[in-house]
Amino acid sequence: MTNTIFSSVKKHIHKSLSTIVPTKSQFKKRVERYPLNPFPAFKKLNHLQLQFFFLGFYLWVLDSASFFCVSLTTKSLSEYYGESIVDVNQGIMYSLFLRVVGTIIFGTINDAFSRKYTYILICTLLCAIQVSTPFCKNWNTFLMTRCLFGMILGSSFNVGFVTANENLIIHDEEDENDNVNENGNKKEKTRLNTSLFQSLFQNAYPLGYLIAQGAATRWASNKVSEWKNLFYFTAALCPVAMVWRLLLPESPKFVENKKLKAENKHRDLETGSIVDGAIGTDSFFIGLFKTIGKYWDKLFYQCCIMIAFCYTSHGSQDLFVTLLTSLGYSKERRSNINIIANVGAIAGGTIGGYVSNYLSIRFTILVGIIIGCGVIYPWGYVDTYKDLSSFWLQFAVQFGFANTPRYLHSLNSYGDMPQYATIFIGTAYQVGTLASAPASTIQSKIAAKNNDNYSGTMSIFLAIIFVILFIITLFGIDNDPILNEDDAEYQAQFGAKQSTLDSDSLVEKKLYDVEAVESISSNSMSLSKSNNLTT
């Protein structure tokens, strides 16, 4: 048995290391499959699809800006409520802890009842919480509002991502002659570069941080009580989203899936049995547990890599303003550095999501880690290059992080896993969020024990996380369709089912499946998705 385990481990390591860098033929296939110019895809979207995308994007911007209201006013909150910075950072931790609760509650409402009114409800609650927070008279009441905000935070990404991507289905109407190459053979159909939309949506998070930083610079001055203005500002942004969503119809894809589910249920009642395209509750859970038992290693890997990713994000962002404050920087300089850092994050997410199509996702993540490790020291210690190092550190973090939605989706494409992708992907992300929630508290406690040395604490902390993420990725798993074409063992095991990944019909399927990314939904969402996949 020991020999078998050793042989399996050795085989896995060899496969992991040999598939990181794409070969020349694989690179050529990637260029043929994904167009180098991704922007013409926007021209193929109608006005309703574009509005849905930017509505979902706007919701995540709102939530990000609201979340960083605490991080950007840590010192003012500490003085206003008479609490230590460590205690203030616990408010951040509690918000992250309760994300999973909000995801489950609002995910259920979003799938079972309405995409439209769930979106409006989230914006309404977010506005109410941000307006009421400045009226908190004591610290315990403030923490309670941040706990409630945490539930909204957990639902915003899920609902926003579904709103943005659910209807991004493009039907290409091409002449058959256009699909024939110069040799007279039928050439492969060019696929929609969905990573463009996914990376753009991911950039809503640093953009929200950027907006919050600008507002803090303008309205939250050095006066202790003016931290309240930042909360009022983010609350004022919510009515725009509420009215905009109210004027648009219900999601066409949601209406279509509800109709399909109703038809399947009607057939079940008539036949008295489960028909093809409809999964019963018992069958669903039996299949779920069997799939978990069969692919537990891949699920475990997803959780591990998301924990590391979430730690890189929260470990480099949540206390960055506190780090700059500890170095004696003026408010104006802190603001400028933070703005530059978030511009770097947006640039890194966009470029990283684009180049991963041609360099593979794992290789792109490793490149981002190497860039990040190279700038940790100037980021934490060197005063002269603080602006530049902050830009490149956040560039490196988002360079890899922007690919996590697509990476998790590909890792949940083995065998029967696509039927439960919503649960698996959402769980992996939320496990990462829960595990990384104490990041700011851990850093602040360590710094407090070392004469408030945030530079050393955060630099060493981030270096350790980068090394861990590098090791996990280096010996990680790939489920890239192009790599699988050259994998004889994979073709023998999954070829029959995975052959659809290279068919033209997958374009529509993948675009709908993108709503599974970073969401934990109710069983109704899983039932709706599995009905769509099997029909």
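The structure displayed is predicted, hence computed values, not measured ones.

**A short note on helix 18 (residues 331-359)**
Compared with the 42 Å implied by 1.5 Å per residue over 29 residues, the 40 Å span of helix 18 between its first and last C-alpha is a close match. Largest kink in helix 18: about 25°, centred on Gly353.

**Examining the side chain of Ser78**
Following the sequence through the fold, Ser78 ends up in helix 5 (residues 74-81). The class for Ser78 is buried, based on a relative accessible area of 14%. Setting aside chain neighbours within four positions, we find Ser78 in contact with Glu83, Ser84, Ile85 and Val88.

**Comments concerning a nonpolar patch on the surface**
Together, Ile5, Val9, Ile13, Leu17, Val467, Ile471 and Phe475 make up a nonpolar patch on the protein surface, roughly 570 Å² of accessible area in all. Top contributing element to the nonpolar patch by residue count: helix 1 (residues 2-18), with four residues. With respect to the secondary-structure elements, Val9 resides in helix 1.

**A look at the confidence of the model for the protein**
On average, the protein scores 79 in pLDDT, and the residues at 70 or more come to 80%. Here residues 275-281 scores under 50 on pLDDT; set against residues more than four positions off or in separate chains, the count is 18 contacts.

**Re the packing of aromatic side chains**
The geometry of an aromatic ring pair is captured by the separation of the ring centres together with the interplanar angle, meaning the angle of the planes. Taken as a whole, this structure holds 25 aromatic pairs when the rule is applied. For the ring pair Tyr80 and Tyr81, a centre distance of 4.9 Å and an interplane angle of 80° mean the geometry is edge-to-face. Taken together, Tyr80, Tyr81, Trp139, Phe142, Trp227 and Phe231 form an aromatic cluster joined through their ring pairs. Here the basic side chain of Arg146 rests over the ring of Phe149, its NZ or CZ set 4.3 Å away from the ring centre. The cationic tip of Arg333 hangs over the ring face of Tyr329; the distance from NZ or CZ to the ring centre is 4.3 Å.

**Concerning unusual backbone geometry**
Here the phi dihedral of Ser360 falls at roughly 80°; this positive angle occurs in a residue that is not glycine. Along the polypeptide, Ser360 turns up in the loop between helix 18 and helix 19 (361-380). On the basis of relative accessible area, Ser360 is assigned to the buried category, the value being 2%. If you check the backbone angles, Asn451 has positive phi at about 60° while not being a glycine. Looking at the secondary structure, you find Asn451 in the loop between helix 23 (439-448) and helix 24 (454-474).

**A look at the nonpolar core**
Ranked by size, the top nonpolar core spans 59 residues in total, and within it Phe67, Leu72 and Phe142 carry the most contacts. By residue number, the principal contributor to this core is helix 4 (residues 47-71), which donates 13 residues. Contact partners of Phe142, with chain neighbours within four places excluded, come to Val70, Leu77, Tyr81, Thr133, Cys136, Trp227 and Phe231. Among the nonpolar cores identified, the runner-up in size contains 45 residues, and Ile20, Cys310, Phe424 and Leu469 belong to it.

How each quantity is defined
Residues numbered from 1 in each chain as written. Predicted model: local features only at pLDDT ≥ 70, side-chain atom pairs only at ≥ 80, totals over all residues. Heavy atoms only, no water. Helix = DSSP H or I, 4+ residues; strand = E, 2+ residues; numbered from the N terminus. Expected span 1.5 Å × (residues − 1). Bend = angle between axes of the 7 residues up to and from the residue. Buried < 20%, exposed > 50% of the residue type's maximum accessible area, 1.4 Å probe, protein only. Contact = heavy atoms within 4.5 Å. Patch = residues over 30% accessible without salt bridge, like charges linked within 9 Å, V, L, I, M, F, W, Y side chains within 5 Å. Areas by Shrake-Rupley, 256 points an atom, 1.4 Å probe, with all protein chains shown as cover. Salt bridge = Lys/Arg side-chain N within 4 Å of Asp/Glu carboxyl O. pLDDT = per-residue confidence, 0-100. Phe/Tyr/Trp six-rings, centres within 6.5 Å; stacked < 30°, edge-to-face > 60°. Lys NZ or Arg CZ within 6 Å of the ring centre and 35° of its normal. Core = buried A, V, L, I, M, F, W, Y, C linked by side-chain atoms within 4.5 Å.

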